[in-house]
Amino acid sequence: MADPVIPEGGFWPAPEIPQPNIYPMEWRVETEKLAAIYERSKRLAWNPADLPWDGLDPDDFTRAQRLGVMYWFSVLANFDASGPAVFARATIQAFEKHEEDPVRKCFFSITRDEMNHEECCQRTIARLWPGGPLDWRPADVLEAAAHNNISWLYHNGGRYWTGYNKAVGKYTLPVLFTSFMMGEMAASTLFRGMATATTHPVFSEMFHRIGRDESRHLQICMTILEKEWPGLTDEVKSTITRQLRAGFVFLSMILWEPPRGFWELPPYFLHNHRVLIDHARDAGLGVLSYDEQAENWRTAMARIRTIVNRWGIAFPAIPELDIDGVNVEVTDPEDIIPVF
Ligand SMILES: [Fe+2]
Ligand SMILES: [Fe+2]
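Owing to the predicted nature of the structure, the values given are computational and were not obtained by experimental measurement.

### Description of the overall build of the chain
Then step 1. A tally of regular secondary structure across the chain gives ten helices and zero strands.
Then step 2. Put simply, the chain runs from its N terminus to its C terminus through helices and strands in the order α-α-α-α-α-α-α-α-α-α.
Then step 3. For 340 residues, the compact-globule formula gives about 20 Å, and the C-alpha radius of gyration of the chain, at 22 Å, lands near that figure.
Then step 4. Sorting the 340 residues of the chain into buried and exposed places 53% on the buried side.

### Topic: the environment of Arg40
Then step 1. Looking at the secondary structure, you find Arg40 in helix H1 (residues 32–43).
Then step 2. On a C-alpha basis, the gap between Arg40 and Glu329 in space is 39 Å, while along the polypeptide they are 289 residues apart.

### Topic: a nonpolar patch on the surface
Then step 1. On the surface, a nonpolar cluster with roughly 510 Å² of combined accessible area is contributed by Ile17, Ile22, Tyr23, Met25 and Trp27.
Then step 2. Residue Ile17 is classed as partly exposed on the basis of its relative accessible area of 32%.

### A few points about unusual backbone geometry
Then step 1. A cis amide bond links Gln19 with the next residue in sequence, Pro20, at an omega value of 0°.
Then step 2. Note on placement: Pro20 falls in the segment before H1.
Then step 3. The residue after Tyr23, namely Pro24, is reached through a cis peptide bond having omega 0°.
Then step 4. Turning to its location among the elements, Pro24 is positioned in the segment before H1.
Then step 5. Positive phi, close to 35°, is recorded for Phe262, a residue that is not glycine.
Then step 6. Looking at the element boundaries, Phe262 is found in the loop between helix H8 (234–255) and helix H9 (269–282).
Then step 7. We note that Asp322 has phi near 60°; this positive angle belongs to a residue other than glycine.
Then step 8. As for its position among the elements, Asp322 is in the segment after helix H10 (290–310).

### Here we look at the coordination of the iron ion (ligand 2)
Then step 1. For the iron ion (ligand 2), the protein coordination sphere consists of Asp80 (OD), Glu114 (OE), Glu114 (OE), His117 (ND1) and Glu214 (OE), at 2.1 to 2.6 Å.
Then step 2. Ordering the donors of the iron ion (ligand 2) by residue number gives the pattern D-x33-E-x2-H-x96-E.
Then step 3. The distance between the iron ion (ligand 2) and the iron ion (ligand 1) is 3.6 Å, with Glu114 acting as a donor to both metals. Within this pair, whereas Asp80 is found in helix H2 (residues 63–80), its partner Glu214 is found in helix H7 (residues 201–228), the two being separated by 134 residues in sequence. Across this residue pair, the class does not change: Asp80 and Glu214 are buried.

### Thoughts on the nonpolar core
Then step 1. Trp72, Phe73, Phe180 and Trp297 are the most contacted members of the largest nonpolar core, which has 103 residues in total.
Then step 2. Residues within four places of Trp72 in sequence aside, it is in contact with Leu190, Phe191, Met194, Phe207, Ile254, Ile277, Ala280, Leu285 and Val287.

### A closer look at the packing of H8 against H10
Then step 1. Running from N to C, H8 and H10 cross one another at 155°; their axes reach a closest spacing of 12 Å. Between H8 and H10, the angle is such that the two are roughly antiparallel. Pair H8 / H10 crosses with right-handed handedness. Facing Leu244, Phe248, Leu251, Ser252 and Leu255 of H8, the residues of H10 in contact are Gln293, Trp297, Met301, Ile304 and Val308.

### With respect to H10
Two residues of an α-helix separated by three or four positions point the same way, owing to the 3.6 residues in each turn.
Then step 1. Across its 21 residues, H10 extends 30 Å between first and last C-alpha, which sits within 8% of the 30 Å expected from 1.5 Å per residue.
Then step 2. Listed in full, the buried residues belonging to H10 are Gln293, Ala294, Trp297, Ala300, Met301, Ile304, Ile307 and Val308. Buried residues in H10, looked at end-on, bunch into an arc of 150°, giving them a common side. Across H10 from its buried face, at more than 90 degrees, point the exposed residues Asp291 and Arg310.
Then step 3. On its buried face, H10 is in contact with helix H6 (173–197), H7, H8 and H9.
Then step 4. Looking one or two places after H10, you find Gly312, whose phi comes out positive at around 75°.

### Notes on the pattern of salt bridges
Then step 1. Going through the model one piece at a time under the given rule, you end up with 18 salt bridges.
Then step 2. The partner of Glu119 in a salt bridge is Arg123, and the shortest N-O contact between them spans 2.7 Å. Taken together, the residues Glu119 and Arg123, both in helix H4 (residues 101–128) and four residues apart, mark about one turn of the helix.
Then step 3. Look at Glu119 and you get buried, because its relative accessible area is 17%.

What counts and how
- Residue numbers restart at each chain and count upward from 1, following the sequence in its written direction.
- Chain letters and ligand numbers both follow the written order, the letters beginning at A and the numbers at 1.
- Restriction of local features to residues with pLDDT of at least 70 applies here, the model being predicted, together with a cutoff of 80 or more for giving and counting side-chain atom pairs; totals for whole chains, interfaces and linings are based on all residues.
- To get the side-chain values, take all heavy atoms of the structure and skip hydrogens and water.
- Secondary structure elements follow DSSP: runs of H or I no shorter than four residues count as helices, runs of E no shorter than two count as strands, and numbering proceeds from the N terminus.
- Radius of gyration: C-alpha atoms only; globule rule: 2.2 Å multiplied by the number of residues to the exponent 0.38.
- Each residue's exposure class comes from its accessible area (1.4 Å probe, protein chains only) as a fraction of the maximum for that residue type: buried when under 20%, exposed when over 50%, partly exposed otherwise.
- Each patch is built from residues that are more than 30% exposed by relative accessible area and take part in no salt bridge. Like charges join if they lie within 9 Å; nonpolar side chains (Val, Leu, Ile, Met, Phe, Trp, Tyr) join within 5 Å.
- For every accessible area listed, the method is Shrake-Rupley and the probe measures 1.4 Å; residues are considered covered only by the protein chains on display.
- The term salt bridge refers to a side-chain nitrogen of Lys or Arg lying within 4 Å of a carboxyl oxygen of Asp or Glu.
- The donor set covers N, O and S atoms within 2.8 Å of the metal, switching to 3.2 Å for Na, K and Ca, and it leaves out water, so a site may look short of donors.
- Only buried residues count toward a nonpolar core. Its members are Ala, Val, Leu, Ile, Met, Phe, Trp, Tyr and Cys residues joined through side-chain atoms within 4.5 Å.
- We call two residues in contact whenever any of their non-hydrogen atoms come within 4.5 Å of each other.
- Here an angle of 0 to 180 degrees is reported between the N-to-C directions of two axes, which are lines fitted to C-alpha atoms, with helices fitted over the stretch in contact.
- If an angle is under 35 degrees, it is roughly parallel; if it is over 145, roughly antiparallel; if it lies from 65 to 115, roughly perpendicular; otherwise it is oblique.
- Should the near helix be turned counterclockwise from the far one by less than a right angle, the crossing is left-handed, whereas a clockwise turn marks it as right-handed.
- The span expected for a helix works out to 1.5 Å for each residue beyond the first.
- This arc is taken over the directions from the axis of the helix to the C-beta atoms.

Below is the structure:
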């Protein structure tokens, strides 16, 4: 075995790596609890391809019901199918900012889970409405309404993505994570409700599994926030208040109905949305009634309010749900961070 070379005058120090950068590599662990959640996420992995898809028979539904279910999953995809790309970007940022290893790994696990959730949208739509969400030709007025609504929805999804790309680098971890936390709270609430309400075994199993993932995501967000929240400046706190209102405006599209602000939609959108969602409901998908949705959303918001108030963060007014608080106006796509 040859001896190593030791240059005269000692080893040369390598140049400093310009930051932000994913190098140098290190695996720092500060929060054991996050490391444990990551381990659990690996053990609870599931495969959407293994759901009993044969039990989802297009012939069990009327054409309008199939359209309604496809429509609902296309709306869900606005949120769940953006999840992988949104969290992949957040994962890269966590590497570049040298967040501790379990934070990066938990981000990755959320990215992985979201890929499963978007696969559920993909598979359901492929079975019930080949070519959906948009690559098909409407044959009647109802179908034309669905096709047009979905294209408007994705117009807004596109605005969200452009805004998110600009915003993700400028927000700190607590701001980003309060928004994510809200998305996960919304998602776990939604899927818990629908898992109970659906009459179809495939959707029941799907919603139970997704709901369990979303609860874990919520736990990840809470664990990170408990570490990040203490000692926030007033400026960050007011950004968070704004973010909470933005989260409500964005997520209401899937949890309830889209409020004013942010959403750019034609005047007939909401009426046709209701008609199509009624067909999905009629198909046994488990979409709750307007009032049940509002009640669930209100409960979820109350839970978030209790959590943020504990850290001296003011809650925004949500007049749509009779929740009072700080008045905040949200219209800019760059304000919107949440994912499912
Ligand atoms: Fe999630
Ligand atoms: Fe999800």
